[in-house]
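Inside the fold
Below are the chains, spelled out letter by letter.
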Amino acid sequence: MRAYDLILKKRSGGELSTAEIKYLISAYTAGEIADYQMAAFCMAVYFQGMSHRETADLTLAMAQSGAINDLSGIEGSVIDKHSTGGVGDTTTLIVAPLVASCGVPIAKMSGRALGHTGGTIDKLESIPGFKVELSQAEFIRQVNEIKVSLISQTETIAPADKKLYALRDVTATVDSLPLIAASIMSKKIASGADGFVLDVKTGSGAFMQKLEDAVELAKTMVAIGKLAGKPTIALVTDMDQPLGTAIGNALEVKEAIAVLSGNGAWDLTELCLRLGAEMLVLAEHSSDYQAAYDTLLERLQTKAGLEKLRELIANQGGNPDVIDNPSLLPAADYQTVVTSSQSGFIKSIDALKLGSLVMQLGAGRIDKASSIDYSVGIELKVKAGTYVGINQPLAVVHSSQPLKNEPEAVRDCFGFSQSPPPFRRLIWRKITGGDV
């Protein structure tokens, strides 16, 4: 085979065979296909798209470019939860211990922040002493003993994706739907889980800002899971405003503790219960969705999920006292209250701008070499639909230095109206294997 012929075939709208896709990925990973040729291939895919079968073949080829994590030593069905990224998206820190408290194993590899979206690993590392790197034997043993472990993704997972994403990033082909789906699902499949619950975000703070694009991405990823023999469902969820009230690493850990204590924001709490219920059904722990939801609600009310989070922290070297005393988490030197300059209903909260502001404060990465300030972030005091008066607090900015223009930038993220805005749904669509 020649890369030239395959580029031409895809550019002309042809459908590549399984063997042709395997060749492209294996040869590119091995350095036998030049970057400029793979860049041309990505551009051809950008304009011509891929069938679900082609996308599944691409995903599997990328997953098989490195090590496939072997979770066969874990007792029970391992279901992974993945979010496409958002602002204030603390769901993993809540869903993982909550589901594990029901006896369902959670063996999860997570990533770090890049851009305006937060990373689960950065949040965990804000807990004093928490170790995000375990050996495979330690990882398996911990899941069998306490039913949950959260670790960082290893370099051996889907190396083709890492190489291809870096190329897409500089060739304006990041936002190709089949390439996005293959990138996400290749890492998930390589992580070794038996099935997946996907949280596909849509709205101003999501990569897929249009609902129809998010639905199509969800369908593509569910189709990939189905073709790969991995039961997969997706919830298309709202990210038009930040999820919950906290944006920033230590602040989000505090919010996870609050949710598991029964005192969290309703939207974050409800989404975690719904995602967790889907996981229990997929793991065949519960016979139906309502039974699963009721089980998780009971585990939340009895604080079983909170105690499981304490156990997780202690087993991975962290200080479990943060559960009872969140002030042990990193705290910023300055807290600045941003107040409203007008009265009215909060019509909108720009999640993307707030996420970008938090990144600039030091909570995220401009590039992979950037350091993280775990203490900084923004704490929302209102949500869309809230009525506020003049000088009422909108948010608190946690920073390492005195603020300059940031309060005005935060204030500009809030849109007002004189009448209550329409209620925006938390979950827009559920996509199952039957939908693809």
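Look a little higher up for the structure.
Per chain, the residues get numbers from 1 upward, laid out in the order the sequence is written. Per-residue local features of the predicted model are confined to residues with pLDDT of at least 70, and side-chain atom pairs are confined, for both listing and counting, to 80 or more; whole-chain, interface and lining totals are unaffected and use all residues. Hydrogens and waters are ignored; side-chain quantities use all the structure's heavy atoms.

1. Some details on the packing of helix H9 (residues 177-190) against helix H10 (residues 211-227)
- Between the N-to-C directions of two axes lies an angle of 0 to 180 degrees, each axis being a line fitted to C-alpha atoms and, for a helix, fitted only over the stretch in contact. Starting at the N terminus, helices and strands are each numbered in turn, a helix being any DSSP run of H or I of at least four residues and a strand any DSSP run of E of at least two. Between H9 and H10, whose axes approach to 9 Å, the crossing angle comes to 45°. Here H9 lies oblique to H10, going by the angle between them. As for the relative orientation of H9 and H10, their crossing is right-handed in sense. Residue-level contacts link Leu177, Ile180, Ala181, Ala182, Ile184, Met185 and Ile189 of H9 to Asp213, Glu216, Leu217, Thr220, Met221, Ile224 and Gly225 of H10.
- Classes in brief: Ala, Val, Leu, Ile, Met, Phe, Trp, Tyr, Cys and Pro nonpolar; Asp, Glu, Lys and Arg charged; the others, Gly included, polar. Here the contact of H9 with H10 is composed, by residue class, of 10 nonpolar, two polar and two charged. Any angle between 65 and 115 degrees counts as roughly perpendicular, while under 35 counts as roughly parallel, over 145 as roughly antiparallel, and the rest as oblique. Crossing handedness follows the turn of the near helix against the far one: under a right angle anticlockwise gives a left-handed crossing, and clockwise gives a right-handed one. In this analysis, two residues are considered to be in contact whenever any of their non-hydrogen atoms come within 4.5 Å of each other.

2. Describing the packing of aromatic side chains
- Side-chain rings of Phe, Tyr and Trp, where Trp is taken by its six-membered ring, are said to pair if the distance between their centres is within 6.5 Å; with planes under 30 degrees apart they count as stacked, over 60 as edge-to-face, and otherwise as tilted. Counted by the stated rule, this structure contains three aromatic pairs.
- Between tyrosine 46 and phenylalanine 47 the ring centres are 5.1 Å apart and the planes differ by 85°, which places this aromatic pair in the edge-to-face class.
- Burial here depends on accessible area, computed with a 1.4 Å probe over protein chains only, as a share of the maximum for the residue type. Under 20% is buried, over 50% is exposed, and the range in between is partly exposed. The exposure class assigned to tyrosine 46 is partly exposed, which follows from its relative accessible area of 34%.
- By relative accessible area, which is 62% here, phenylalanine 47 ends up exposed.

3. Here we look at the pattern of salt bridges
- What counts as a salt bridge is simple: a side-chain nitrogen of Lys or Arg found within 4 Å of a carboxyl oxygen of Asp or Glu. Counted by the stated rule, this structure contains 21 salt bridges.
- For lysine 123, the salt bridge is made with glutamate 252, and the minimal N-O distance between the two is 2.9 Å. Residue lysine 123 is located in helix H6 (residues 120-125), and its partner glutamate 252 is located in helix H11 (residues 249-260); the two are separated by 129 residues in the primary sequence. Accessibility assignment for this pair places lysine 123 and glutamate 252 in one class, buried.
- Put simply, glutamate 408 and arginine 411 hold a salt bridge, and the shortest N to O gap is 2.6 Å. Linking glutamate 408 with arginine 411, this pair stays in helix H16 (residues 406-411), spanning three residues, or about one helical turn.
- Since its relative accessible area comes to 40%, glutamate 408 is described here as partly exposed.
- The class of arginine 411 is buried, set by a relative accessible area of 19%.
- Because the salt bridges share partners, they merge into one network encompassing Glu15, Arg53 and Asp57.

4. Section: H9
- Helix span, as expected, comes to 1.5 Å for every residue beyond the first. The terminal C-alpha atoms of H9, which comprises 14 residues, lie 20 Å apart, in line with the 20 Å expected from a rise of 1.5 Å per residue.
- Counting buried positions over the 14 residues of H9 gives 13, a clear majority of the element.
- Of the residues flanking the end of H9, it is glycine 192, one or two places downstream, whose phi is positive at about 95°.

5. Focus on the sheet that holds strand S13 (residues 427-431)
- Between any two strands, at least two bridges found by DSSP are needed for them to pair. Strands sit in the order S1-S4-S5-S13 across an open sheet of four strands; the sheet is mixed. Looking along the sheet, the strands with just one partner apiece sit at the ends: strand S1 (79-83) and S13. Neighbour-to-neighbour, the strand axes of the sheet open up by a mean angle of 15°, direction not taken into account.
- The pairing of strand S5 (residues 232-238) with S13 spans four bridges and is antiparallel. Pairing of alanine 234 across the sheet is with isoleucine 431, part of S13.
- Across the sheet, H9 touches S1, strand S4 (195-202) and S5, and the angle it forms with S4 is around 150°.

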